[in-house]
Amino acid sequence: MEKIKIISIIGPTASGKTSLSIAVAKKYNGEIVSADSMQIYKDMDIGTAKPSLEEMDGIKHYMMDFLPPSTNYSVADYVRDANSAIKEILDKNKLPILVGGTGLYVDSLLNNVQFTEQKVDEQLRNKLNSKSDEELLLELEKVDKESYDKLSKEINHKRIARALEVYYLTGKPKSQVDKEAMMVESPYKPIKIGLYAEDRQFLYDRINQRVDIMVQQGVLEEAKNLMNSNLSLTAQKAIGYKEFFPYLNGEDTLEKCVETLKMNTRRYAKRQLTWFKRYQDAKWFDLDKYQDIEILKEDIINHIEKLLEIV
């Protein structure tokens with residue numbers, strides 16, 4: 001079976017993925033599938049840097065702005081719905097373009113990860129969450145050495161607890177469950193385009209500028225509305241809103257909250273770069289080597305042109 005051509009544009013926040021993807025969609029009769037775990041939500045526009053209708057410039061976007069922030073949404077949900085969106089694009093004889101910075105979404109979709117219905121045992125989950133990182137790691141080392149080796153390097157309580165939860169519910173180490181989930185061949189043949197900045201300060205300056213623009217555009221009003229709403233566990237993770245809650249509660253200055261947001265966004269960008277730089281099959285373009293963004297877009301489009309003939 002011939003594999004499906006798909007362009008995937010990846011990179012950290014504020015790297016220019018949106019603008020590039022629209023230029024590519026216009027050039028190749030494409031439509032865009034978002035891979036952003038927060039842009040799925042309605043009423044979270046400015047803080048998630050969701051493109052406006054004007055910025056979309058007539059290009060249809062999928063997987064964006066379709067859920068209330070009170071709704072939890074899993075990676076499995078995303079893969080299911082994104083696959084449906086890609087089918088819809090292909091049925092129109094258009095080229096699907098996957099764009100976004102949520103690495104787990106991109107990986108799971110392009111690698112065709114198979115998700116099975118996971119049972120939930122709240123009593124077990126609460127028991128695990130009540131334990132310390134050290135206790136959980138000792139437990140994990142005994143039942144899943146491979147997961148232990150990964151998770152003991154960068155401590156994340158939720159992920160460690162989840163690895164144990166999977167083991168106790170399935171009887172299999174999470175490392176084994178994950179491998180089994182990736183055993184089905186992917187239907188996609190992606191062309192991966194990566195944006196990054198060798199000079200990190202170049203990217204950080206863009207992030208700082210973006211945050212200032214968000215404040216000017218009214219992100220505080222969005223934060224105020226969200227603070228008083230019933231946010232899902234997924235939406236609560238969004239960077240761009242919770243940082244303003246101390247100001248809205250009269251507990252801190254606006255200047256301090258803005259600086260916290262800039263710092264959190266820079267840290268997030270660093271994590272994104274760490275994740276995406278594992279993609280050895282991506283062609284990476286260094287933003288700070290280009291004085292003119294239009295020349296960058298032209299170089300990327302020329303690169304895609306050559307690969308589309310081969311893929």
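Attention in this report is confined to the structure presented alongside it. Throughout this description, residue numbers start from 1 for each chain and increase along the sequence as written. A pLDDT threshold of at least 70 governs which residues receive local features in this predicted model, and a stricter bar of 80 or more applies before side-chain atom pairs are shown or counted, although totals over entire chains, interfaces and linings include all residues. Hydrogens and waters are ignored; side-chain quantities use all the structure's heavy atoms.

Comments concerning the side chain of S21
For clarity, the cut-off: Only DSSP runs of H or I reaching four residues or more are called helices, and only runs of E reaching two or more are called strands; each is numbered from the N terminus. By definition, residues are in contact when any of their heavy atoms lie within 4.5 Å.
With respect to the element layout, S21 can be found in helix α1 (residues 17-27). Excluding anything up to four places from it in sequence, S21 contacts I9, I32, I97 and V99.

Notes on empty space enclosed by the protein
The following threshold applies: Here the term cavity refers to a set of points on a 1 Å grid, laid over the protein atoms alone, in which a 1.4 Å probe fits but cannot get out; the term pocket refers to an open set having protein on both sides within 12 Å along at least five of seven lines, with lining residues being those that place an atom within 4 Å of a point. Grid points are joined across faces, edges and corners, and a volume is the space filled by probe spheres set on the points.
Per the counting criterion, the structure on display carries 1 cavity of 30 Å³ or more. Taken as a whole, the largest cavity encloses approximately 30 Å³ of empty space. Taken together, S15, G16, S19, L20, L195, I293, L296 and K297 make up the full set of residues lining the largest cavity. When residues in the lining of the largest cavity are grouped by element, the largest group, 3 residues, is from helix α14 (residues 293-310).

Considerations on the pattern of salt bridges
Pairing is possible between side chains of opposite charge, provided their charged atoms come close. What counts, and what does not: Any Lys or Arg side-chain nitrogen located within 4 Å of an Asp or Glu carboxyl oxygen qualifies as a salt bridge. When a residue's accessible area, from a 1.4 Å probe over protein chains only, is under 20% of the maximum for its type it is buried; when over 50% it is exposed; and in between it is partly exposed.
Taken as a whole and judged by the stated rule, the model has 21 salt bridges. For the salt bridge of R80 with D77, the shortest nitrogen-to-oxygen distance reads 3.2 Å. Taken together, the positions of R80 and D77, both in helix α3 (residues 75-91) and 3 residues apart, correspond to about one turn of that helix. Of the charged contacts, one joins R80 and D81 as a salt bridge, the two residues approaching to 2.9 Å between their closest N and O atoms. For D81, a relative accessible area of 22% gives the class partly exposed. Beyond isolated ion pairs, a larger network of salt bridges with shared partners links D45, K50 and D65.

As for the nonpolar core
To keep it simple, the criterion reads: Each nonpolar core is a collection of buried residues, namely Ala, Val, Leu, Ile, Met, Phe, Trp, Tyr and Cys, held together in the definition by side-chain atoms within 4.5 Å.
Core analysis: the largest hydrophobic core is formed by 53 residues, its most contacted members being V33, Y78 and L98. For this core, the leading source of residues is α3, giving 7 residues. The contacts of V33, once residues within four sequence positions are left out, are Y62, M63, Y78, A82, A85, I86, I89, I97, L98 and V99. Judged by nonpolar contacts, the second largest core, of 22 residues, contains I22, I97, F285 and L287.

Describing the sheet that holds strand β2 (residues 30-34)
Filter applied, for reference: DSSP bridges decide pairing: two strands pair if at least two such bridges lie between them. Between N-to-C directions, angles cover 0 to 180 degrees, with each direction set by a line fitted to C-alpha atoms, over the stretch in contact for helices.
The 6 strands are arranged β3-β2-β4-β1-β5-β6 in an open sheet whose pairing can be described as parallel. Edge strands, defined here as strands with exactly one partner in the open sheet, are β3 (61-62) and β6 (283-286). Of the strand pairs in this sheet, strand β1 (residues 4-10) and strand β4 (residues 95-99) are connected by 3 bridges, and their pairing is parallel. Of the residues in β4, the one forming a bridge with I7 is I97. The sheet contacts of α1 involve β1, β2, β3, β4 and β5 (188-196), and relative to β1 the element is tilted by about 150°. Across the sheet, α3 lies against β1, β2, β3, β4 and β5, angled at about 175° from β2, the strand it touches most.

A word on the packing of helix α5 (residues 122-129) against helix α8 (residues 157-170)
As a reminder of what qualifies: Comment on the angle field: the value is read as roughly parallel under 35 degrees, roughly antiparallel over 145, roughly perpendicular from 65 to 115, and oblique elsewhere. It is the rotation of the near helix from the far one that decides the hand of a crossing: anticlockwise by less than a right angle makes it left-handed, clockwise makes it right-handed. Polar here means any residue outside two lists: the nonpolar Ala, Val, Leu, Ile, Met, Phe, Trp, Tyr, Cys and Pro, and the charged Asp, Glu, Lys and Arg; Gly therefore counts as polar.
Here α5 crosses α8 at 140°, and the two axes come no closer than 10 Å. Here α8 runs oblique to α5, going by the angle between their axes. Every pair of crossing elements has a handedness; the one defined by α5 and α8 is right-handed. Along its contact with α5, which presents L124, R125, L128 and N129, the element α8 presents H157, A161, R162, L164, E165, Y168 and L169. Considering only residue class, the contact of α5 with α8 consists of 6 nonpolar, 2 polar and 3 charged.

Description of helix α4 (residues 103-110)
The element α4 is extensively covered by neighbouring structure, given that 7 of its 8 residues are classed as buried. Phi turns positive one or two residues past the end of α4, at N112, with a value near 55°.

What about unusual backbone geometry?
Even without being glycine, A14 reaches a positive phi, approximately 70°. Along the chain, A14 falls in the loop between β1 and α1. The residue N29 is not glycine, and still its phi comes out positive at about 55°. Among the structural elements, N29 can be located in the loop between α1 and β2.

Here's the deal with the environment of D286
This is how it is decided: Each polar contact in these results corresponds to two N or O atoms within 3.5 Å; when the atoms are within protein, one needs to be able to donate a hydrogen and the other to accept it, and residues that are neighboring in sequence are counted only if both atoms are side-chain atoms.
As for its placement among the helices and strands, D286 is situated in strand β6. Measuring from C-alpha to C-alpha, the distance between D286 and I4 comes to 28 Å, with 282 residues separating the pair along the chain. Setting aside residues no more than four positions away along its own chain, D286 makes contact with Y196, A197 and E198. Within the structure, D286 has its side chain in polar contact with the backbone nitrogen of E198 (distance 3.1 Å). Engagement of the side chain of D286 in a polar contact is seen with the side chain of K289, the distance being 2.8 Å.

Observations concerning the packing of aromatic side chains
Put simply, the test is: Aromatic pairing here means that ring centres of Phe, Tyr or Trp (its six-membered ring) are within 6.5 Å. Orientation follows from the plane angle: under 30 degrees is stacked, over 60 is edge-to-face, and everything else is tilted. Each ring is checked for a lysine NZ or an arginine CZ that lies within 6 Å of its centre and within 35 degrees of its normal; such an atom marks a charge sitting over the ring.
Taken as a whole and assessed by the stated rule, the structure comprises 5 aromatic pairs. For the pair Y78 and Y105, a centre-to-centre distance of 4.1 Å together with 15° between the ring planes defines the contact as stacked. Taken together, the positions of Y78 in helix α3 and Y105 in helix α4 put the pair 27 residues apart, joining distant regions of the chain. We note that Y78, like Y105, is buried. On the basis of an interplanar angle of 90° and a centroid distance of 5.9 Å, the ring pair of Y196 and W284 is categorised as edge-to-face. Placement of the pair is Y196 in strand β5 and W284 in strand β6, with a sequence separation of 88 residues. Residue Y196 shares its accessibility class with W284, and that shared class is buried. Taking NZ or CZ as reference, K60 lies 4.9 Å from the ring centre of Y62, over its face. In this structure, K192 packs its charged tip against the face of Y279, placed 4.6 Å from the ring centre.

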